[in-house]
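Fold and geometry: a report
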Amino acid sequence: MNLIVFDLEWNIGYKPKTFLYHGTELTLRGEIIQIGAARINEHGDVLDTFEVNLRPRIFRKLQHHIAKVTGMSQGDLDAGMPMRDGLQKFLDWAGPDAELAEWGLDDVPVLKQNLFLAGLDESWPAQWYDLQRIFLQTYPRREGEGLTLESVVERLGIPKEEPFHNALDDALYTAKICRKLPLAEGLATYPTGEELLRSALLGEDSAARDVRVFMDRLEHDDYKNAPELNSVHCPECGAPLTHDEVWLKRGNTGYYTRSECPYCGHWYVRFKLSRRDGLHWSFARCTEPATREADARWEKQRAAFVERLRRKKEREQA
C-alpha cells in the first residue's frame, strides 16, 4: 500500500465562483494554496514528506479569514508555484497508486476540483479514507468532545510543537494520530463508497426493499428526472409504480415521495444523495411499505410544501 496522509490549505473568494464540469455547473469549493503530505506505513511511521505552496489563478487575492487562520500573506501566494506545476509535482511524488488519507472529508473534493481546473486527471486518487471514521471506532465521541485536528491531538496527549493550519504540520499531526490507531485494520475494513451511501440511506431501517445504488452521476435532480433511477417497480407484484408529483426533502441530502402500485397500493420511494468527490452525485434508493403513520406524516408535510410553493408564487407575481 502506498498510503499518503495529506492536508490542504485553500483560498476562497469574496464571491462564489462556478465552473462547468462536463456541462454541469459546479461551485468551486476553494483554490489550493498549500499542500502538505507524509507517506506513512501501516503503523503510522513517516517515510517521506512533501510540501509546496501554490499560486492561485482564480482567487488571487488572499481572503482575510484565510490569512488569519493560516498566517500566510499575499506575498506568500504570489510567490507560490504555478497551480498546474505544483499539482503535477504532488502527483509525481505521490505516485499513481497512492491512496490518500485525510482528517475529515473536505480536502479530496477540493483536490479533485483543482485537478480538473488545471487540466489534470481528476479521477486520481481512486481510493481515499476519512481518518475520523477510523478514529471514532477506537475512541467513541463523548458529549462535548470536538473532532477538530487540534482537539484530538490534545485529547490523545500529542505534544503541540508546531502551529496548526500549516499543511505539512497538520499532515504530520495526522500521522501521529495514526500511530495511536489500529490503522491497518481500519483501512482493511473501510467501507466502499457504495457501502457508505447504502448505510446512510438505511440507517436502522429493516423494512426497506429493493435497495439500489447509482454512482457517479452529474445531475442533482436525477432522482426525479432520470428514468434509470426513478423507474421503480412494486416489490410485491413487479408492476410499475406511479410517483406523486411532489418530492419532499428528508434530512440534508435525502428526498422521498409516495408512489402507487395499481394492484398493491401505496409505497414510499426514498433517495439518499452524496457528492463525496466534489464532482459527481451518487444516489442510493429504496422502497418502503406505506403505514398509517407514514401516510399521516406524508399528507401533512406535502400540504405544507404545496402551501409554501403557492405563497412563493404569489410573492413572485406581486
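Just so it is clear, the structure is predicted and the values come from calculations on it, not from any experiment.

The rules behind these values
Residues numbered from 1 in each chain as written. Predicted model: local features only at pLDDT ≥ 70, side-chain atom pairs only at ≥ 80, totals over all residues. Heavy atoms only, no water. Buried < 20%, exposed > 50% of the residue type's maximum accessible area, 1.4 Å probe, protein only. Helix = DSSP H or I, 4+ residues; strand = E, 2+ residues; numbered from the N terminus. Pairing = 2+ DSSP bridges. Polar contact = N/O pair within 3.5 Å; in protein donor to acceptor, adjacent residues only side chain to side chain. Contact = heavy atoms within 4.5 Å. Expected span 1.5 Å × (residues − 1). Lys, Arg positive; Asp, Glu negative; His and termini not counted. Salt bridge = Lys/Arg side-chain N within 4 Å of Asp/Glu carboxyl O. Axes fitted to C-alpha atoms, helices over the stretch in contact; angles between N-to-C directions. Parallel < 35°, antiparallel > 145°, perpendicular 65-115°, else oblique. Left-handed = near helix turned anticlockwise from the far one by under 90°. Right-handed = clockwise from strand over helix to strand, strands pointing away. Phe/Tyr/Trp six-rings, centres within 6.5 Å; stacked < 30°, edge-to-face > 60°. Lys NZ or Arg CZ within 6 Å of the ring centre and 35° of its normal.

Things to note about the pairing of strand S12 (residues 254-261)
In terms of residue burial, S12 counts as a mostly covered element, since 7 of its 8 residues are buried. Bridging between strand S10 (residues 242-243) and S12 involves 2 bridges; their strand directions are antiparallel. The residue of S12 that forms the bridge with histidine 243 is serine 259. Summarising the sheet, strand S11 (residues 248-249) and S12 pair through 2 bridges and their orientation is antiparallel. Pairing of lysine 249 across the sheet is with tyrosine 255, part of S12. As consecutive antiparallel partners, S11 and S12 are separated by 4 residues, and within that stretch glycine 251 has a phi angle of approximately 70°, a positive value.

Notes on the side chain of glutamine 63
Counting through the fold element by element, glutamine 63 comes out in the loop between strand S5 (46-55) and helix H1 (64-70). Classification of glutamine 63 as buried rests on a relative accessible area of 9%. Among the polar contacts listed, one links the side chain of glutamine 63 to the backbone nitrogen of histidine 65, at a separation of 2.7 Å. Excluding anything up to four places from it in sequence, glutamine 63 contacts Asn11, Ile12 and Tyr14.

As for helix H12 (residues 292-317)
Between its terminal C-alpha atoms H12 stretches 38 Å, which fits the 38 Å expected from 26 residues at 1.5 Å a residue. Buried within H12 are the following residues: Ala294, Trp298 and Arg302. As for H12, its buried residues are in contact with S11, S12 and strand S13 (265-274).

Points about unusual backbone geometry
A cis geometry characterises the amide bond from tryptophan 124 onward to proline 125, with omega recorded as -5°. Checked against the element boundaries, proline 125 lands in the loop between helix H4 (107-117) and strand S8 (128-130). Backbone geometry places histidine 165, a non-glycine residue, at a positive phi of 70°. Inspection of the secondary structure assignment puts histidine 165 in the loop between helix H6 (149-155) and helix H7 (167-178). What makes histidine 165 partly exposed here is its relative accessible area of 37%. Notably, aspartate 210 is not glycine yet its phi reads approximately 50°, a positive angle. Considering the arrangement of structural elements, one finds aspartate 210 in strand S9 (residues 209-217). On the accessibility criterion, aspartate 210 (26% relative accessible area) is partly exposed.

Regarding the side chain of aspartate 170
The residue aspartate 170 is located in helix H7 in this model. Buried and unpaired, aspartate 170 has lysine 176 as its nearest opposite-charge partner, separated by 11 Å. Not counting residues within four places of it along the chain, the set of residues in contact with aspartate 170 comprises Asp7, Glu9, Leu149, Pro163, Phe164 and His165.

A closer look at the packing of helix H3 (residues 83-94) against H4
Following both chains from N to C, one finds H3 and H4 inclined at 120°, their axes separated by 10 Å at the closest point. Classified by the angle between their axes, H3 and H4 sit oblique to one another. The handedness of the crossing between H3 and H4 is left-handed. From H3, Met83, Leu87, Phe90 and Leu91 reach across to H4, where they touch Leu111, Asn114 and Leu115.

Examining the pairing of strand S7 (residues 99-102)
Going residue by residue along S7, you find Glu99 and Ala101 tucked away on one face and Leu100 and Glu102 tucked away on the opposite face as well. Relative to S7, strand S1 (residues 3-11) runs parallel, the two being bridged by 3 bridges. Paired with isoleucine 4 across the bridge in S7 is leucine 100. Where S7 and S8 come together, 3 bridges link them in parallel fashion. Bridged to glutamate 102 within S8 is aspartate 130. Between S7 and its parallel partner S8, the chain crosses via H4, and the hand of that crossover is right-handed.

Overview of the sheet that holds S8
Reading across from one edge, S6-S5-S4-S1-S7-S8 is the order of the 6 strands in this open sheet, with mixed pairing throughout. A strand with exactly one partner marks an edge of an open sheet, and here the two such strands are strand S6 (81-82) and S8. Of the pairings in the sheet, the one linking S5 to S6 comprises 2 bridges and is parallel in character. Among the inter-strand pairings, leucine 54 is bridged to a residue of S6, identified as methionine 81. Contacts from helix H5 (residues 131-138) reach S1, S7 and S8 within the one sheet, and its direction differs from that of S8 by about 45°.

Comments concerning the packing of aromatic side chains
Enumeration according to the criterion identifies 19 aromatic pairs in this entry. On the basis of an interplanar angle of 85° and a centroid distance of 5.8 Å, the ring pair of phenylalanine 90 and tryptophan 124 is categorised as edge-to-face. On the criterion of sequence distance, the pair formed by phenylalanine 90 in helix H3 and tryptophan 124 in the loop between H4 and S8 is long-range, its members being 34 residues apart. In this structure tryptophan 124 comes out as buried when scored by relative accessible area, which is 8%. Summarising the aromatic geometry, the rings of tyrosine 256 and tyrosine 268 are spaced 6.2 Å apart at their centres and angled 50° between planes, so their arrangement reads as tilted. Of this pair, tyrosine 256 sits in strand S12 while tyrosine 268 sits in strand S13; the two residues are 12 residues apart in sequence, bridging distant segments of the chain. For the residue pair tyrosine 256 and tyrosine 268, the accessibility class agrees, reading buried in each case. Through a chain of ring-to-ring contacts, three or more aromatic side chains come together here, namely Phe6, Phe50, Phe90, Trp93 and Trp124. In this structure, arginine 39 is placed above the aromatic ring of tryptophan 93, and the distance from its NZ or CZ to the ring centre is 4.4 Å.

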